[in-house]
2 protein chains.
Amino acid sequence: MKERLIVQKYGGSSVANTDRIKKVAERILKYKRKGRSLVVVVSALGDTTDELIELSSQITKYPSEREMDMLLSTGEQVSSALLAMALHKLGIKAISFTGAQVGIITDSAHTRARILDIGAERIKEELKKGKVVIVAGFQGMTEKKEITTLGRGGSDLTAVALAKALDADECEIFTDVAGIYTTDPRIEPQASKLERITYDEMLEMASLGAQVMQSRSIELAKKFNIPLIVRSSFLYKRGTMIYNPRKNSKEAKFMEGALVSGITLSKNEAKLTLCDVRDKPGIAAQIFKKLSQEDINVDMIVQNISRTKRTDISFTVPKSSLRKAVRIARNSSKTIGAGDVAVDDDVARVSIVGVGMKAHSGVAAKMFEALAENNINIEMISTSEISVSCLIKKNLGERAVRSLHSKFNLGHIKRSK
Amino acid sequence: MKERLIVQKYGGSSVANTDRIKKVAERILKYKRKGRSLVVVVSALGDTTDELIELSSQITKYPSEREMDMLLSTGEQVSSALLAMALHKLGIKAISFTGAQVGIITDSAHTRARILDIGAERIKEELKKGKVVIVAGFQGMTEKKEITTLGRGGSDLTAVALAKALDADECEIFTDVAGIYTTDPRIEPQASKLERITYDEMLEMASLGAQVMQSRSIELAKKFNIPLIVRSSFLYKRGTMIYNPRKNSKEAKFMEGALVSGITLSKNEAKLTLCDVRDKPGIAAQIFKKLSQEDINVDMIVQNISRTKRTDISFTVPKSSLRKAVRIARNSSKTIGAGDVAVDDDVARVSIVGVGMKAHSGVAAKMFEALAENNINIEMISTSEISVSCLIKKNLGERAVRSLHSKFNLGHIKRSK
């Protein structure tokens, strides 16, 4: 019988120091005893990446991205070699590789490269010998043998891409939290761990502020239908499975009953209002085209009801793009003969997420009700297939999360297998 | 006109921290202003290698050599990337590479690999673009893409091998001393810097205890007749050229007048005496064959004059091989019916080195005279084409060096161009 092949990824806090690396090795030993085949992706030791960035900043404020990749990719190489040594110490056959060595081929966009291909032959060869194969996360190389890194969440991406290339049975993401929660437990201590969540919900939660995983890794997993398990490397407990419910109709049916899976809070947006705009077809399109041409990710958009042939248009942008967005909005305003541009960055966005809600009316109404009961004024609203977001005053963000968590009974949520 | 191509190597103390790396960049700027083409080999930052070794030792006492190479090779990659950034900051075009990237192909003897080939195409391509090419020292890869390191003195070796592969005009070794001295200045403050020294003298000095460069790099430079310049990265001063005098007969002639170039002292040897050995052809051969089979490097050998058909045989071995050598000597003694094995590790070896001495009688006699004048008893003597060594009591080593330095007038030596 073919051994079950698992790709595991251990994040920076899971390999923060040599003691933690030994713990990871012990965990791997348990898997080997169960007869599993393992490919292990590791991040850099705890603060290594920060220390390397500090070194570069001592030299220059504007390091070349290519050289940053040369520098930063060493962090994962170090932790990979150390984990191999720790496994050897426990009598487990293991071998470590850089991204380049196992043929993780990327494009040449240094510091944010995209994986184009993985020639996993070398890994398969070593798996056949019964070895645990350790791969330095976050990195690859171009066809021209330039070392690249994959950007934020890069090691997760390495793990998912390897799981696909190797046709693995599972992909486990070990991190410093026990799984995906109904909301941030630092805000709502009643937050409960989800046993399962769909790719779409997870993507929505990630884009709306949940920090556990980057969207690109989830998207890749969804694309290839690779079940991800997010779990703690500090505990021996089941985590949260991120999966595709369509494969199992019973599951999908159950999911629809759950309605709301999670609550997210984001304070990274700002609101712009373009006042006194002529209410004429094409005017709004003109503004948003300009913004998108400059790579500004406009999110919520609200246009007031027009009584006087003139209207106000409000929209949110990431705070990091705020200055640029204001400049563009002011120019647009002149061009189209509109009025002032008002800016408000004292806002927070609170969202409810759940695949169930699209089949049920009344979910949004329940949300507004909860906020009203807590005297929280809603400034803007936006909805998607599986989420409803409200823009509110920033200092009310946490209160809003707690009130929604309680309203939707998320403290008791359990999605059992 | 073709630009003059120089390969430079900067050792660990030359790139100890980011400030030192900036200084190296400034030095390189001066070369570029003179229109030089440059390939720069760097060691790891100051203590990096020790820190990495410490990490591995926290995990296991017996790390796999392959994984040690994965681990340690990151040190030079970090310093290479940082130097590239420092050069960019000064407006110099530069690019860094790992050993693997520039095709430094080695055998698979991890931690002590030998360079088999260098495919320098990538370097030539970047040099043509006017870039300073930085290469991580001390490392290479096997045909199977395994990362290897070259062992002690590995970065020097990288520099010499690159100088050969690129047909460079010069190879400069930047270190924390100003050049090669007539003897260790910590022992004899009168020690003077040599402007020139032959490969053979340097090899003899290295094998007799001088620490500046490893023999294997000098041997490689000699083999391909690549002039090496050893100089300080802390000073802007001419260093010492290590070269082949046969190419220049005037020089060679001058050299013969110098007689003694340097004095070395080694405390890393121990003396064994096999007593009461039958004085019969083949007996000695038998013992030394056994020792060589076990890779023990026997150095000085003295057999006493025989009066009684039985004799004592004394020889020196490196202290690191002493235990093994004693065991072999005792076994041999039984086999050949000899007596006790006496061990003396309270010895030092003082040597005079110079290509001139082979053409002159009286040099050895002058050495013995100097030692006698200082009441230093000689226990063993050995000679080579270009050196004479005496084994003496360890605590007299420094006194012997000073007396010889003065006797041969080395405080005033100057070998001008």
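Remember, predicted model here, so these are calculated numbers, not experimental data. (Residues numbered from 1 in each chain as written. Chains lettered and ligands numbered in written order. Predicted model: local features only at pLDDT ≥ 70, side-chain atom pairs only at ≥ 80, totals over all residues.)

As for the overall build of chain A
Stage number 1. The helix and strand inventory of chain A stands at twelve helices and 20 strands.
Stage number 2. Over its C-alpha trace chain A gives a radius of gyration of 24 Å, about what one expects of a compact globule, namely 22 Å for 417 residues.
Stage number 3. Relative to its 417 residues, chain A shows a buried fraction of 49%.
Stage number 4. The long-range fraction of contacts in chain A, counting pairs at least 24 apart against all pairs at least 6 apart in sequence, stands at 75%. (Helix = DSSP H or I, 4+ residues; strand = E, 2+ residues; numbered from the N terminus. Rg over C-alpha atoms; globule rule 2.2 N^0.38 Å. Buried ≥ 20, exposed ≤ 12 C-beta atoms within 10 Å, placed from the backbone. Contact = placed C-beta atoms within 7 Å.)

Considerations on the nonpolar core
Where a protein is soluble and globular, its nonpolar side chains tend to be buried together.
Stage number 1. Counting 123 residues, the largest nonpolar core has Val7, Val40, Leu82, Leu83, Ile134, Leu162 and Ile242 of chain B as its most contacted members.
Stage number 2. The greatest single-element share of this core, amounting to eight residues, is contributed by helix H3 (residues 65–89) of chain B.
Stage number 3. In contact with Val7 of chain B, not counting residues within four places along its chain, are Val39, Val41, Ala159, Leu162, Ala163, Leu166, Ala168 and Cys171 of chain B.
Stage number 4. Of all hydrophobic cores here, the second largest spans 121 residues; its members include Leu83, Ile123, Leu150 and Leu272 of chain A. (Core = buried A, V, L, I, M, F, W, Y, C linked by C-beta atoms within 7 Å.)

A look at helix H12 (residues 397–407) of chain B
All names here are of chain B.
Stage number 1. What H12 keeps buried is the set Gly397, Ala400, Val401, Ser403, Leu404 and His405.
Stage number 2. At its buried positions, H12 is contacted by strand S13 (262–266), strand S18 (347–353), helix H11 (363–373) and strand S20 (387–393).
Stage number 3. Positive backbone phi, at 55°, marks Asn409, one or two positions downstream of H12.

Comments concerning the relation of the copies chain B and chain A
Put simply, the two copies of the chain differ by a rotation about an axis and a shift along that axis.
Stage number 1. For the pair chain B and chain A, the relating rotation is 180°, the translation along its axis is 0.0 Å, and the fit reaches an RMSD of 0.1 Å. In the structure described here, the two chain copies are related by an operation that fits a two-fold rotation axis. For chain B, the smallest separation between a C-alpha atom and the rotation axis is recorded for Thr74 of chain B, amounting to 2.7 Å.
Stage number 2. When the interface residues of chain B are mapped onto chain A, 100% of them again fall at the interface, so both copies present the same face. (Least-squares fit on C-alpha atoms with pLDDT ≥ 70 in both.)

With respect to the packing of helix H1 (residues 18–33) of chain A against helix H3 (residues 65–89) of chain A
All names here are of chain A.
Stage number 1. Relative orientation of the contacting elements H1 and H3 amounts to 55°, with a least axis distance of 9 Å. One finds that H1 runs oblique with respect to H3. Crossing handedness for the pair H1 and H3: right-handed. Of H3, the residues touching H1 (which contributes Thr18, Ile21, Lys22, Val24, Ala25 and Ile28) are Leu82, Leu83, Ala86 and Leu87.
Stage number 2. Residue composition of the contact of H1 with H3, grouped by class: eight nonpolar, one polar and one charged. (Axes fitted to C-alpha atoms, helices over the stretch in contact; angles between N-to-C directions. Parallel < 35°, antiparallel > 145°, perpendicular 65-115°, else oblique. Left-handed = near helix turned anticlockwise from the far one by under 90°. Nonpolar A, V, L, I, M, F, W, Y, C, P; charged D, E, K, R; others polar.)

Points about the UniProt feature "binding site: substrate" (unreviewed entry) in chain A
Residues and elements named next belong to chain A.
Stage number 1. Residues annotated in UniProt with the feature "binding site: substrate" (unreviewed entry) correspond here to Thr49 and Glu76. Spatially, the listed residues are clustered: although they cover 28 residues, their C-alpha atoms lie within 8.9 Å of one another.
Stage number 2. Contact partners of Thr49, with chain neighbours within four places excluded, come to Ala44, Leu72 and Gly75.
Stage number 3. Overall, Glu76 belongs to the buried group, with 32 C-beta atoms counted inside 10 Å. (UniProt positions renumbered as here; feature names shortened; annotations may be inferred.)

Some words on the pairing of strand S12 (residues 240–243) of chain A
Residues and elements named next belong to chain A.
Stage number 1. Side chains Thr240 and Ile242 project from S12 onto one buried face, and the interleaved Met241 and Tyr243 project onto a second face that is buried too.
Stage number 2. Sheet topology note: the strand S10 (residues 196–198)/S12 ladder contains three bridges and is parallel. Residue pairing for S12: Ile197 is matched across the bridge by Ile242. (Pairing = 2+ DSSP bridges.)

So, the confidence of the model for chain A
Stage number 1. Put simply, chain A has an average pLDDT of 90, and 94% of its residues get 70 or more.
Stage number 2. Overall fold confidence (pTM) sits at 0.85, and the ipTM for the predicted complex is 0.83. (pLDDT = per-residue confidence, 0-100.)

Concerning the packing of helix H5 (residues 154–165) of chain A against helix H7 (residues 215–224) of chain A
Residue and element names in this part refer to chain A.
Stage number 1. Contact geometry for H5 and H7: axes closest at 8 Å, N-to-C directions at 10°. With respect to each other, H5 and H7 are oriented roughly parallel. The segment H5 lies against H7, with Asp156, Leu157, Val160, Ala161 and Lys164 engaging Arg216, Ser217, Leu220, Ala221 and Phe224.

Let's talk about the domain arrangement of chain A
Stage number 1. The domain architecture assigned to chain A consists of domain 1 (5–176) and domain 2 (249–417).
Stage number 2. Averaged C-alpha coordinates put domain 1 of chain A and domain 2 of chain A at centres separated by 37 Å. (Domains from an automatic or database assignment.)

Notes on the interface of chain B and chain A
Stage number 1. With 28 residues of chain B at the contact, the number on the chain A side is 28 residues.
Stage number 2. For the side of chain B that touches chain A, the elements supplying multiple residues, two or more each, are helix H1 (18–33), helix H2 (48–59) and H3 of chain B.
Stage number 3. At 14 residues, H3 of chain B tops the list of elements feeding residues into the side of chain B that touches chain A.
Stage number 4. Among the residues forming the side of chain B that touches chain A, the class breakdown is 13 nonpolar, eleven polar and four charged.

Section: the sheet that holds strand S16 (residues 310–318) of chain B
All names here are of chain B.
Stage number 1. In spatial order, the strands read S15-S16-S14-S17; together these four strands make up an open sheet with antiparallel pairing. Strand pairing shows two members of the sheet lacking a second neighbour, strand S15 (301–303) and strand S17 (341–344), which therefore form its edges. Strand-to-strand twist across the sheet, computed as the mean angle between neighbouring axes with direction ignored, equals 15°.
Stage number 2. Pairing between strand S14 (residues 269–278) and S16: eight bridges, direction antiparallel. Across the sheet, the residue bridging to Glu269 is Pro318, located in S16.

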